[in-house]
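The lines below spell out each chain.
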Amino acid sequence: QVQLVESGGGLVQAGGSLRLSCAASGLFFTTYAMGWFRQAPGKEREFVAAVSTSGGITYYADSMKGRFTISRDNAKNTVVLQMNSLKPEDTALYYCAASTATAQAMSRMTRPPRYWGQGTQVTVSS
């Protein structure tokens, strides 16, 4: 049974930082591109960041470039999203996802990820 379990969400003031983690189990982790998506109330789910199977290639949504960093540890089956300079508009439910497609395809949302986590809430106060 595949599980993606996110952690690290919470309430933070604007300008602050949060570190989201995703622990994966039940899959051959190194064969999956990993990514983060988010969904705010009343809005569609949107791409945040993705990392290739090796961890050497990353993609970010334009509004996250320079503020967010995605990384993965293939020895620990984890993927991390470091979020800095948070803004109130970053408030959303953040989901970890695993895809058999490439990280680039994940960033373009051309193919839905195969597996999703349950989400972790991030709230940024102004």
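Look a little higher up for the structure.
Notes on the structure in this doc start here. (Residues numbered from 1 in each chain as written. Predicted model: local features only at pLDDT ≥ 70, side-chain atom pairs only at ≥ 80, totals over all residues. Heavy atoms only, no water.)

The next subject is the side chain of T120. Checked against the element boundaries, T120 lands in strand β11 (residues 120–125). Take T120: its relative accessible area is 11%, and that puts it in the buried class. Here the side chain of T120 touches G9 through a polar contact of 3.2 Å, landing on its backbone nitrogen. (Helix = DSSP H or I, 4+ residues; strand = E, 2+ residues; numbered from the N terminus. Buried < 20%, exposed > 50% of the residue type's maximum accessible area, 1.4 Å probe, protein only. Polar contact = N/O pair within 3.5 Å; in protein donor to acceptor, adjacent residues only side chain to side chain.)

Another aspect to go through is the pattern of salt bridges. Counting across every chain of the model gives four salt bridges. Its salt-bridge partner being E46, residue R38 comes within 2.6 Å of it at the nearest N-O pair. Of the charged contacts in the structure, one is a salt bridge between K65 and D62, with a shortest N-O distance of 3.2 Å. (Salt bridge = Lys/Arg side-chain N within 4 Å of Asp/Glu carboxyl O.)

This paragraph deals with the state of the cysteines. Scanning all chains against the criterion turns up one disulfide. Here C22 is linked by a disulfide to C96, with a sulfur-sulfur distance of 2.1 Å. Every disulfide takes its handedness from the sign of the S-S torsion; for C22 and C96 that torsion is -80°, giving left-handed. Residue C22 is found in strand β3 (residues 18–25), and its partner C96 is found in strand β9 (residues 92–99); the two are separated by 74 residues along the sequence. With respect to burial, C22 and C96 carry one shared label: buried. (Disulfide = S-S within 2.5 Å.)

A few words on the packing of aromatic side chains. What the rule picks out here adds up to four aromatic pairs. Both rings, one in Y95 and one in W116, keep their centres 6.3 Å apart while their planes meet at 90°; by these two values the pair is edge-to-face. In this pair, Y95 sits in strand β9 while W116 sits in strand β10 (residues 115–116), placing the two residues 21 residues apart along the sequence. Among the aromatic residues, those joined into a cluster by ring pairs are F37, F47, Y95 and W116. One Lys or Arg, R45, reaches over the ring of Y95 and ends 4.0 Å from the middle of that ring. (Phe/Tyr/Trp six-rings, centres within 6.5 Å; stacked < 30°, edge-to-face > 60°. Lys NZ or Arg CZ within 6 Å of the ring centre and 35° of its normal.)

By themselves, these observations are geometric and do not establish any function.
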